[in-house]
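Okay, here's what each chain looks like letter by letter:
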Amino acid sequence: MQSFSFPQRLTVGLSALLLSGLVNASSEQLEADLRAGLVGDGVITFSRVYEDAQQDVYVAEGIEVTNQEGEVLTFERYTVQGDYDQPTSVSAEGIAMFSAEEAQPLISVASITLANPGMAVLSLDALEAPGYTLPGLAITGLRINLAEIIASELSADLPSGYLSMDSLNAEDISRHAIGLLEVDGVSADILFDAYHAIS
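Residues numbered from 1 in each chain as written. Predicted model: local features only at pLDDT ≥ 70, side-chain atom pairs only at ≥ 80, totals over all residues. Heavy atoms only, no water.

## Re the overall build of the protein chain
Point 1. Regarding its fold elements, the protein chain presents four helices and nine strands.
Point 2. Moving toward the C terminus, one meets the helices and strands of the protein chain in the order α-β-β-β-β-β-β-α-β-α-β-β-α.
Point 3. Per-residue burial over the protein chain gives 29% buried out of 199 residues.
Point 4. Partitioning the contacts of the protein chain with sequence separation of at least 6, the portion at a separation of at least 24 is 45%. (Helix = DSSP H or I, 4+ residues; strand = E, 2+ residues; numbered from the N terminus. Buried < 20%, exposed > 50% of the residue type's maximum accessible area, 1.4 Å probe, protein only. Contact = heavy atoms within 4.5 Å.)

Take a look at the structure:
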């Protein structure tokens, strides 16, 4: 059985304390970065933000962002995989955007995954920065409420309908180009009632 002298025990204890502090700091940094990247002039809440050391991930769950117009953006789960400052992947799951008036989402997405994004929370400013390239992007389960989005822009009543996309995969995305783009399973469901069919 290995035994430790007092200095060794002290060193081990301090190391554990420092590592614990780094873990907490990274979880707190994720919350701070999400606040900075998502909130703008609104309010953000989380149900839970934590680090899973066994899986080597940082996770934020139950994210809800509400802007001053009452529009709501929600995420079931946001995950940073690997080193926080240089993650191997970042993913968001269960995304939905709601208007202030509608109970059904304007847009919903099953998942968005960024491959080797270079940061835990990718901003539009970073994506548009000279020399930055996002190696990979994958989107699954996109569903857009066409009537609500178009009606909000045109202030007109339109037939209800949805545009759906099973998946989108892109590689080498920069401000000037996309190296590869693949889209699969695009469909549109538009429902005309009698009123719209006649008019």
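## Some words on the pairing of strand S4 (residues 72-81)
Within a regular strand, side chains alternate between the sheet's two faces.
Point 1. By the bridge criterion, nine bridges tie strand S3 (residues 57-66) to S4 in an arrangement that is antiparallel. Within the sheet, the bridge partner assigned to Val57 lies in S4 and is Gln81.
Point 2. In textbook terms, the turn of a hairpin is the stretch between consecutive antiparallel strands, and for S3 and S4 this stretch comprises five residues, one of which, Gly70, has a positive phi near 90 degrees. (Pairing = 2+ DSSP bridges.)

## Some details on the nonpolar core
Proteins that are soluble and globular tend to have nonpolar side chains buried together.
Point 1. Formed by 28 residues in total, the largest nonpolar core has its most connected members in Leu30, Leu34, Ala60, Ile63, Tyr78, Val80 and Leu137.
Point 2. Elements with a minimum of two residues in this core: helix H1 (6-38), S3, S4, strand S5 (89-98), strand S6 (107-115), strand S7 (134-145) and strand S8 (160-173).
Point 3. When neighbours within four sequence positions are excluded, Tyr78 is seen to be in contact with Leu30, Leu34, Tyr58, Val59, Ala60, Ile63, Val90, Ser91, Ala92, Ala120, Val121 and Leu122. (Core = buried A, V, L, I, M, F, W, Y, C linked by side-chain atoms within 4.5 Å.)

## Re the confidence of the model for the protein chain
Caution is warranted with low-pLDDT regions, since their predicted coordinates should not be read in detail.
Point 1. Mean pLDDT over the protein chain: 81, with 76% of residues reaching 70 or higher.
Point 2. The element-level mean pLDDT for the protein chain is lowest in helix H4 (residues 194-198), coming to 43, with S6 highest at 97.
Point 3. Long-range and interchain partners of residues 1-24, a stretch whose pLDDT sits below 50, account for four contacts in this model, where long-range means more than four residues apart.
Point 4. Low confidence marks residues 194-199, where pLDDT is under 50. Its contacts with residues over four positions away, or in another chain, come to three contacts. (pLDDT = per-residue confidence, 0-100.)

## Regarding a nonpolar patch on the surface
Point 1. Together, Leu163, Ile178, Leu181, Val183 and Val186 make up a nonpolar patch on the protein surface, roughly 420 Å² of accessible area in all.
Point 2. Here the element with the most residues in the nonpolar patch is strand S9 (residues 178-191); it accounts for four residues.
Point 3. Counting through the fold element by element, Val183 comes out in strand S9.
Point 4. Residue classification places Val183 among the partly exposed positions, given a relative accessible area of 42%. (Patch = residues over 30% accessible without salt bridge, like charges linked within 9 Å, V, L, I, M, F, W, Y side chains within 5 Å. Areas by Shrake-Rupley, 256 points an atom, 1.4 Å probe, with all protein chains shown as cover. Salt bridge = Lys/Arg side-chain N within 4 Å of Asp/Glu carboxyl O.)

## Section: the pattern of salt bridges
Side chains bearing opposite charge may pair, as long as their charged atoms lie close to each other.
Point 1. Throughout the structure, instances matching the rule amount to three salt bridges.
Point 2. For Arg35, the salt bridge is made with Glu31, and the minimal N-O distance between the two is 3.0 Å. Residue Arg35 and its partner Glu31 are both found in helix H1; the two are separated by four residues, about one turn of the helix.
Point 3. With a relative accessible area of 26%, Glu31 lands in the partly exposed category.
Point 4. Arg77 serves as the salt-bridge partner of Glu93, at 3.7 Å between the closest nitrogen and oxygen. Linking Glu93 in strand S5 with Arg77 in strand S4, this pair joins segments that are 16 residues apart in sequence.
Point 5. A relative accessible area of 28% means that Arg77 is categorised as partly exposed.
Point 6. Connected through salt bridges with shared partners, the residues Glu61, Arg77 and Glu93 form a single ionic network.

## Considerations on unusual backbone geometry
One can expect most non-glycine residues to show negative phi and most peptide bonds to be in trans.
Point 1. At Asp56, a residue that is not glycine, the phi angle is positive and equals roughly 60 degrees.
Point 2. Inspection of the secondary structure puts Asp56 in the loop between strand S2 (48-52) and S3.
Point 3. Despite not being glycine, Asp172 has its phi angle at roughly 50 degrees, a positive value.
Point 4. As for its position among the elements, Asp172 is in strand S8.
Point 5. On the basis of relative accessibility, which here comes to 43%, the residue Asp172 falls in the partly exposed class.

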